[in-house]
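Okay, here's what each chain looks like letter by letter:
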Amino acid sequence: MLTTAARMGQLGTESAFEVLARAKALEAEGRSIINLGIGQPDFATPAHIVEAGRKALADGHHGYTPANGILPLREAVVADLHRRHGVTVPVDQVLVVPGGKVTMFFSIMMLGEPGAEIIYPNPGFPIYESVIRFSGATPVPMPLYEAKGFSFNADEVLAKITPRTRLLILNSPANPTGGAVPRSELDTLAAGLERHPHVAILSDEIYGEMVYDGNEHVSLLTYPELKDRVILLDGWSKTYAMTGWRMGYGVWPKALFAGAERLAINCHSCVNAATQYAGIAALTGPREPSLSMVAAFAERRRYIVQALNRLPGFRCATPGGAFYVFPNIAGTGLDSRSLETRLLNEAGVATISGTSFGAMGDGYLRFSYAASLGALQEAVERLGRWLMQQNTRAR
Ligand SMILES: Cc1ncc(COP(=O)(O)O)c(C=O)c1O
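Described below are features of the structure shown in this document. (Residues numbered from 1 in each chain as written. Predicted model: local features only at pLDDT ≥ 70, side-chain atom pairs only at ≥ 80, totals over all residues. Heavy atoms only, no water.)

Focus: the packing of aromatic side chains
This is how the line gets drawn: Note on ring pairs: Phe, Tyr and Trp rings are taken, using the six-membered ring of Trp, and paired if centres are within 6.5 Å. Classes follow the plane angle, with under 30 degrees stacked, over 60 edge-to-face and the rest tilted. Every helix listed is a DSSP run of H or I at least four residues long, and every strand listed is a run of E at least two residues long, numbered separately from the N terminus. Relative accessibility decides the category of a residue: with a 1.4 Å probe and only protein chains considered, values under 20% of the type maximum give buried, values over 50% give exposed, and everything between is partly exposed.
Here the structure, examined in full by the defined rule, presents 14 aromatic pairs. Taking the centre distance of 5.8 Å and the plane angle of 75 degrees together, the rings of Phe150 and Tyr364 count as edge-to-face. In this pair, Phe150 sits in the loop between strand 4 (138–143) and helix 6 (154–159) while Tyr364 sits in the loop between strand 11 (352–353) and strand 12 (365–368), placing the two residues 214 residues apart along the sequence. An identical accessibility class is assigned to Phe150 and Tyr364; each is buried.

Re the packing of helix 4 (residues 100–111) against helix 5 (residues 126–135)
Put simply, the rule reads: Every axis in this analysis is a line fitted to C-alpha atoms, fitted for helices over the stretch in contact. Angles between the N-to-C directions lie between 0 and 180 degrees. Each crossing is labelled by how the near helix is turned from the far one, with a counterclockwise turn of less than a right angle marking it left-handed and a clockwise turn marking it right-handed. Whether two residues touch is decided by their heavy atoms; if any such pair falls within 4.5 Å, the residues are in contact. Under the scheme applied, nonpolar residues are Ala, Val, Leu, Ile, Met, Phe, Trp, Tyr, Cys and Pro; charged residues are Asp, Glu, Lys and Arg; polar residues are all the others, including Gly.
One can describe the packing of helix 4 onto helix 5 by two numbers: an axis separation of 9 Å at closest approach and a directional angle of 35 degrees. Crossing of helix 4 over helix 5 shows right-handed handedness. The segment helix 4 lies against helix 5, with Lys101, Met104, Phe105, Ile108 and Met109 engaging Ile127, Tyr128, Val131, Ile132, Phe134 and Ser135. Class assignment of the residues belonging to the contact of helix 4 with helix 5 gives a composition of nine nonpolar, one polar and one charged.

A few points about the site of the ligand
Filter applied, for reference: We call a residue near a molecule or strand as soon as one heavy atom of that residue lies within 4 Å of the molecule or strand. Counted as a polar contact is a pair of N or O atoms within 3.5 Å, where, for protein atoms, one must be capable of donating a hydrogen and the other of accepting one, and residues adjacent in sequence contribute only when both atoms are in side chains. Only the protein chains shown count as cover for residues, and the accessible areas themselves come from Shrake-Rupley with a 1.4 Å probe.
Inspection of the region around the ligand gives 14 residues, with Gly100, Asp204, Tyr207, Ser237 and Lys238 positioned closest. Between an oxygen atom of the ligand and a main-chain N or O atom of Gly100, the distance comes to 2.7 Å. Take Lys101: an N or O atom from its main chain is 3.0 Å from an oxygen atom of the ligand. Alone, the ligand offers 400 Å² of accessible surface; in the complex the protein occludes 94% of this. With three residues, the top contributor of residues to the shell around the ligand is helix 4. Class assignment for the residues of the shell around the ligand results in five nonpolar, five polar and four charged.

Observations regarding the state of the cysteines
Should the sulfur atoms of two cysteines be covalently bonded, the bond is a disulfide. This is how the line gets drawn: Any two cysteine sulfur atoms within 2.5 Å of one another count as a disulfide.
Tallying each qualifying case throughout the model produces zero disulfides. Distance from the sulfur of Cys267, which forms no disulfide, to the nearest cysteine sulfur (Cys270) is 12 Å. A relative accessible area of 55% means that Cys267 is categorised as exposed. Cys270 gets classed as buried once you look at its relative accessible area, which sits at 12%.

With respect to the environment of Gln390
Here Gln390 lies in helix 12 (residues 373–394). Excluding residues that lie within four positions of it along the chain, Gln390 makes contacts with Arg342 and Glu346.

Things to note about the packing of helix 3 (residues 71–85) against helix 9 (residues 273–284)
Between two packed helices, what matters for the description is the angle formed by their axes and the separation of those axes. Stated precisely, the cut-off is as follows: By the definition adopted for this analysis, an angle is roughly parallel if under 35 degrees, roughly antiparallel if over 145, roughly perpendicular if from 65 to 115, and oblique otherwise.
Put simply, helix 3 and helix 9 touch, their axes get as near as 9 Å, and they point 25 degrees apart. For the element pair helix 3 / helix 9, the angle class is roughly parallel. When you trace helix 3 past helix 9, the crossing you get is left-handed. Where helix 3 abuts helix 9, its residues Pro72, Leu73, Ala76, Val77 and Asp80 lie against Gln276, Gly279, Ile280, Leu283 and Thr284. Split by residue class, the contact of helix 3 with helix 9 holds six nonpolar, three polar and one charged.

A word on the sheet that holds strand 5 (residues 165–171)
Selection criterion: Pairing between two strands is assigned when DSSP locates at least 2 bridges connecting them.
The strand order 2-8-7-6-5-3-4 describes an open sheet built from seven strands, whose pairing is mixed. Lying at the two open borders of the sheet, with one neighbouring strand each, are strand 2 (94–97) and strand 4. Ignoring strand direction, the axes of neighbouring strands in this sheet form an average angle of 20 degrees. Relative to strand 8 (residues 248–251), strand 2 is paired through four bridges, and the arrangement is antiparallel. Counterpart to Val94 in the pairing with strand 8 is Val251. Across the sheet, helix 3 touches strand 2, strand 7 (230–235) and strand 8, and the angle it forms with strand 2 is around 115 degrees.

Dropping the structure here:
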């Protein structure tokens, strides 16, 4: 009989991967499934980036690199953050890791323990709550409101801070809602946080380059008063369509960097060397491929918001960023989980129940629009037909 640590019972998961597995199983049975469940760009990594990775392998970059990442890559990160946010971060506070998720895992494990509290967005990326529980800390949900474009209310967040609060997790633009928090709300939050110097902030800005219709992405790095306690989570997965290369980075406060680097040494040693060279090409090469991908997302977003709003029982807010819509489906009379299951099994459309993102996601469904316009149109037609059948049966 094998016995695992009790904390293993606390670990949650990301149901996008489970839905993907169910969708693949149905496809293997010959069913046609449109997968709007998984959160990754449907574009290939731009060719100049792939070439840089291929060349790095051919040039013999096969060994370990420094645990924090090769210097030219970290310098490219510093230059990119300066270009995008007008800030200069010290190159020795950049930690390159295998994916955006790793900065999340490390920061929560470094600050979370029994007795500590961590505030996290709800509905939000499910791994936040999962790792908070795994660390032994108490998860304190921070509600996001449909009526506020899925932003939080800064005063409400500040009121949740106690002497036990160690970490506040922010994510804008957000998964699963696509919400982009307005500058005014962040200004209020930043000003209020000055009264709580014991709270670190993990700012997950992995969708920071995907904002639409004049929405701006405001980085937490641009608040000098928070500079000593913001952990920035960012990376290549979404902006450069590099989810499978597994690379991201954190910019850590000076006081936390050594601990994070030590976790990296204990855990993965370094990111695969060739991927790091590809990452330099991404940050220093032509921006056109990323820009045209985001332009395609903008067009699909316009389409899907309008189309979902025409479906009976659906009410879809226009998201400010990322590549998700999070329609309110309460009007269908079905709960989110049943709708997810039935749309997959009966309509052949994979989506994710809002409850996979926390209790506040009840009554919502997440659609990723990182799929071709044709696929989105077909998905909406299938949904329309299916909803019509339900209404006819109900009469
Ligand atoms: C909000 C958010 N943060 C982080 C990540 C993780 O990104 P990566 O694939 O680079 O680990 C994701 C991926 O879906 C995400 O949605």
